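If you want the building blocks of each chain, they are given just below.
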Amino acid sequence: MGFDLQAYGIQVENVLRNESVPKLYEEALNFQKDTIISAQGGLVIYSGEKTGRSPQDKRIVKTEETEKEVWWDNNIPITENSFLINRERAIDYLNTQEKIYVFDGFAGAEEKYQVKVRVICSLAYHSLFMHNMLIRPTLEELKDFEPDYVIYNSGSFPANRYTKEVTSKTSVSISFKNKEIVILGTQYAGEMKKGVFTIMNYILPKQGVLSMHCSCNRDDEGNVSLFFGLSGTGKTTLSADPARLLIGDDEHGWSDNGIFNIEGGCYAKCINLSIDKEPEIFNAIKFGTVLENVVLFKNRFPNFQDNSITENTRACYPINYIANADTSGIADPPNNIIFLTCDAFGVLPPVSKLDNLQASYHFISGYTAKVAGTEVGVSEPVAIFSACFGAPFMAWHPNVYGKLLSEKIKQTNAQVWLVNTGWIGGAHGVGKRIALAYTRAIIDEINNQNLIKEKFEKFPVFNFQIPTHCANIPIKVLNPQLYWKDKEVYNRQLRKLARLFINNFKNFSDQVDKEIESAGPKI
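Here the structure is a predicted model, which means the values were calculated and not measured.

S.K.: Describe in detail the nonpolar core, supporting the description with residues and values.
M.R.: Within the largest apolar cluster, 114 residues are counted, with the highest numbers of intra-cluster contacts made by Met130, Ile151, Leu226, Phe228, Ile337, Phe339 and Phe462. Here this core takes seven residues from helix α6 (residues 190–203), the largest share from any one element. Here phenylalanine 228 is in contact with Met212, His213, Cys214, Lys235, Ile337, Ile338, Phe339, Leu340, Phe363 and Phe389, once residues within four sequence places are set aside.

Put into structure tokens, the structure is as follows:
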């Protein structure tokens, strides 16, 4: 008889708890359709109809407590009764299975703020995924493991769309009161990862800890950098630096003691992955790695350029698969905080120095841009704003996280930078994307404390400071005004982007300090 789940209403006797990676491989290969092993040893699986998160199907239970606390402009409520219907439906499905998989692990490397998470699922690959993504307990820690939160993943079974507040066959619902997550109608594994992150984004700020959607690395002397950025800005690529130790690539907390990784693994986007551009990630794909929705050549080597299933192809692996990772997941407070943006309008400098108020403003704004041609009818860049660089996972109003960031910066004197990895010399379609080599050189100068020693000048409209010199970077690259041929068109484009920032920030101005709002661009 396996692990006893009767306390959860699950009567299945064959329960595999915290199984080894080889055993989970066997289970997935034997019992999940179309699962195979790649030439490098990764477990290749397909998540079915859903190949990404379903944000419109995510719900948080509204209670007397959460009604006052949760940012409801950003989160969709569900009643406790509807949540319990989903929960019962998930448990009923799990009870139809011959075999159940359980993984018990930790969220949060700093023990004081650690959350114990139990994952109960019907697919071996989901258990392997969370084995990689959570912090793996020792055998001794497993003996007395009592979870703080439980995930019921019945993603192979649809939700009942006639349930109140459930609008499709997919449902991801979180109850902070019951300390449970219920997943129905989606096998996409990232829902579990981001569900845990949503939990941490709710409970950590209550303890004075800033939860952050960012990557983190440090040098041998302990100098720490944080990297914030939305998809496509280079967050994972730039933080996986062979000259520095990786603390984590996506989710962190900032306590009074410093930075801690929330996760035990990485979930890297691998479309167009190459060994030349991202060797650390490429070499992490081996036995134990989950390759999600990746197409293989006939020789079973991954075709990372193939997006026929989805652009959102992913590799999930334990953080120790990165050769230069610091597996403690713990670091000192940051010396540098880097906000990455991919400005497809082509007007922002490749690097700008922000003061404390500007840092809060741009953190709450969370800007990047879509390029023209990515969607039908899109002929020019489209600004994307995601508060705190991770709005879909933020439970509180952005001002809560913004104030915490401001307090942490004041306490530690961390320097904040805005780094543009997007276009120079013109918008997308006219200019060109800044060379990765230039961006890496800028990051190196930030990390080695050389850039802060340079002379700076005020950049118009946005009013942050830009360096007049940076090693290995041409002067005209540092100041985009010098790179554009038509200065009048440049100025129009700059003011256009500024107006987009100003209009977006109106969404928060009722709860954000006026001095932070005043740190935005001025036309």
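S.K.: I'd like a rundown of the sheet that holds strand β18 (residues 314–318), residues and numbers included.
M.R.: If you walk across this open sheet you meet the five strands as β2-β3-β17-β18-β16, and the pairing is mixed. Each edge of the sheet is formed by a strand with only one pairing partner; in this case those strands are β2 (36–37) and β16 (265–269).

S.K.: Please give an account of helix α9 (residues 356–365) that cites residues and values.
M.R.: Along α9, eight of the ten residues are buried, which leaves the element largely enclosed by surrounding structure. All of the buried residues in α9 are Gln358, Ala359, Ser360, Tyr361, His362, Phe363, Ile364 and Ser365. The opening residue of α9, the one whose side-chain oxygen lies 3.2 Å from the backbone nitrogen of leucine 357, is aspartate 355. In the segment just after α9, glycine 366 is the residue with positive phi, at about 60 degrees.

S.K.: Which residues make up the pattern of salt bridges, and what values do they have?
M.R.: What the rule picks out here adds up to 21 salt bridges. The partner of lysine 99 in a salt bridge is glutamate 27, with the nearest N and O atoms 2.8 Å apart. Here the residue lysine 99 occupies a position in the loop between α3 (80–94) and β6 (100–107), and glutamate 27 occupies one in helix α1 (residues 21–31), the gap between them amounting to 72 residues. An identical accessibility class is assigned to lysine 99 and glutamate 27; each is buried.

S.K.: Quick one: what's the story with the pairing of strand β11 (residues 210–218), residue by residue and with numbers?
M.R.: The buried count for β11 comes to nine of nine residues, which makes it a mostly enclosed element. Because side chains alternate across β11, one face comprises the buried residues Leu210, Met212, Cys214, Cys216 and Arg218, and the other comprises Ser211, His213, Ser215 and Asn217, equally buried. In terms of strand pairing, β11 meets strand β14 (residues 251–255) through four bridges, oriented antiparallel. Each bridged residue has a counterpart across the sheet, and for methionine 212 the counterpart in β14 is histidine 252. Sheet topology note: the β11/strand β12 (residues 224–228) ladder contains five bridges and is antiparallel. Note on β12: the bridge partner recorded for cysteine 214 is phenylalanine 228. A loop of five residues connects β11 with β12, the two strands running antiparallel in sequence, and glycine 222 in this loop sits at a positive phi of about 95 degrees. For β11 and strand β13 (residues 245–248), the ladder comprises three bridges, and the chain directions are antiparallel.

S.K.: With reference to specific residues and values, describe the packing of α1 against helix α4 (residues 124–133).
M.R.: Where α1 meets α4, the closest approach of the two axes is 8 Å, and the angle between their N-to-C directions is 150 degrees. In terms of orientation, α1 and α4 fall into the roughly antiparallel class. Two packed elements cross with a definite hand, and for α1 against α4 that hand is left-handed. Contacts from Val21, Leu24, Tyr25, Glu27 and Ala28 of α1 reach α4 at Ala124, Tyr125, Ser127, Leu128 and His131. When its residues are assigned to classes, the contact of α1 with α4 shows seven nonpolar, two polar and one charged.

S.K.: An account of the sheet that holds strand β7 (residues 115–121) is needed here, citing residue identities and associated values.
M.R.: Here we have eight strands laid out as an open sheet, ordered β1-β6-β7-β8-β10-β9-β4-β5, and mixed in their pairing. Edge strands, defined here as strands with exactly one partner in the open sheet, are β1 (15–17) and β5 (77–78). Bridging between strand β9 (residues 171–175) and strand β10 (residues 180–184) involves five bridges; their strand directions are antiparallel. Within the sheet, the bridge partner assigned to isoleucine 174 lies in β10 and is isoleucine 181.

S.K.: Can you lay out the pairing of β16 for me, pointing to particular residues and giving the numbers?
M.R.: Taking burial as the measure, the five residues of β16 include four buried ones, the bulk of the element. Judged from the five bridges that link them, β16 and β18 form a sheet pairing that is antiparallel. Looking at β18, one finds that alanine 268 is bridged to alanine 315.

S.K.: Run through the environment of glycine 190, naming residues and quoting values.
M.R.: With respect to the helices and strands, glycine 190 occurs in helix α6. What makes glycine 190 buried here is its relative accessible area of 2%. Residues glycine 190 and valine 15, spaced 175 residues apart in sequence, show a C-alpha to C-alpha distance of 23 Å.

S.K.: Which residues make up the environment of phenylalanine 3, and what values go with them?
M.R.: Tracing the sequence through the fold places phenylalanine 3 in the segment before β1. Taking the C-alpha atoms as reference, phenylalanine 3 lies 37 Å from glycine 258; in sequence the two are 255 residues apart. Look past the residues within four positions of phenylalanine 3 in its chain and what remains in contact with it is Val15, Arg17 and Arg118.

S.K.: Describe the packing of aromatic side chains, listing the residues and the values that go with them.
M.R.: Applying the stated rule across the entire model yields 29 aromatic pairs. A centroid spacing of 6.4 Å and a plane angle of 45 degrees characterise the contact between phenylalanine 363 and phenylalanine 389, whose relative ring orientation is tilted. Separated by 26 residues along the polypeptide, phenylalanine 363 in helix α9 and phenylalanine 389 in the loop between β23 (382–385) and α10 (398–412) bring together distant segments of the chain. With respect to class, phenylalanine 363 is no different from phenylalanine 389; both count as buried. For the ring pair phenylalanine 462 and phenylalanine 501, a centre distance of 5.2 Å and an interplane angle of 85 degrees mean the geometry is edge-to-face. Of this pair, phenylalanine 462 sits in the loop between β27 (456–458) and β28 (465–467) while phenylalanine 501 is found in helix α14 (residues 487–505), placing the two residues 39 residues apart along the sequence. Overall, phenylalanine 462 belongs to the buried group, its relative accessible area being 1%. A cation over an aromatic ring shows up here: lysine 194 above the ring of phenylalanine 393, its NZ or CZ 4.4 Å from the ring centre.

S.K.: Please provide a residue-by-residue account of α10, values included.
M.R.: Taking 1.5 Å per residue as the helical rise, α10 with its 15 residues ought to reach 21 Å, and the 21 Å between its terminal C-alpha atoms agrees with that figure. If you check which residues of α10 are buried, you get Pro398, Asn399, Tyr401, Gly402, Leu404, Leu405, Ser406, Lys408 and Ile409. Where the residues of α10 are buried, they touch α6, β11, β14, β20 (336–341), α9 and β24 (415–420). Just beyond α10, the residue with positive phi is asparagine 413, at close to 60 degrees.

Cut-off values and rules
- Residues numbered from 1 in each chain as written.
- Predicted model: local features only at pLDDT ≥ 70, side-chain atom pairs only at ≥ 80, totals over all residues.
- Heavy atoms only, no water.
- Core = buried A, V, L, I, M, F, W, Y, C linked by side-chain atoms within 4.5 Å.
- Buried < 20%, exposed > 50% of the residue type's maximum accessible area, 1.4 Å probe, protein only.
- Helix = DSSP H or I, 4+ residues; strand = E, 2+ residues; numbered from the N terminus.
- Contact = heavy atoms within 4.5 Å.
- Pairing = 2+ DSSP bridges.
- Polar contact = N/O pair within 3.5 Å; in protein donor to acceptor, adjacent residues only side chain to side chain.
- Salt bridge = Lys/Arg side-chain N within 4 Å of Asp/Glu carboxyl O.
- Axes fitted to C-alpha atoms, helices over the stretch in contact; angles between N-to-C directions.
- Parallel < 35°, antiparallel > 145°, perpendicular 65-115°, else oblique.
- Left-handed = near helix turned anticlockwise from the far one by under 90°.
- Nonpolar A, V, L, I, M, F, W, Y, C, P; charged D, E, K, R; others polar.
- Phe/Tyr/Trp six-rings, centres within 6.5 Å; stacked < 30°, edge-to-face > 60°.
- Lys NZ or Arg CZ within 6 Å of the ring centre and 35° of its normal.
- Expected span 1.5 Å × (residues − 1).

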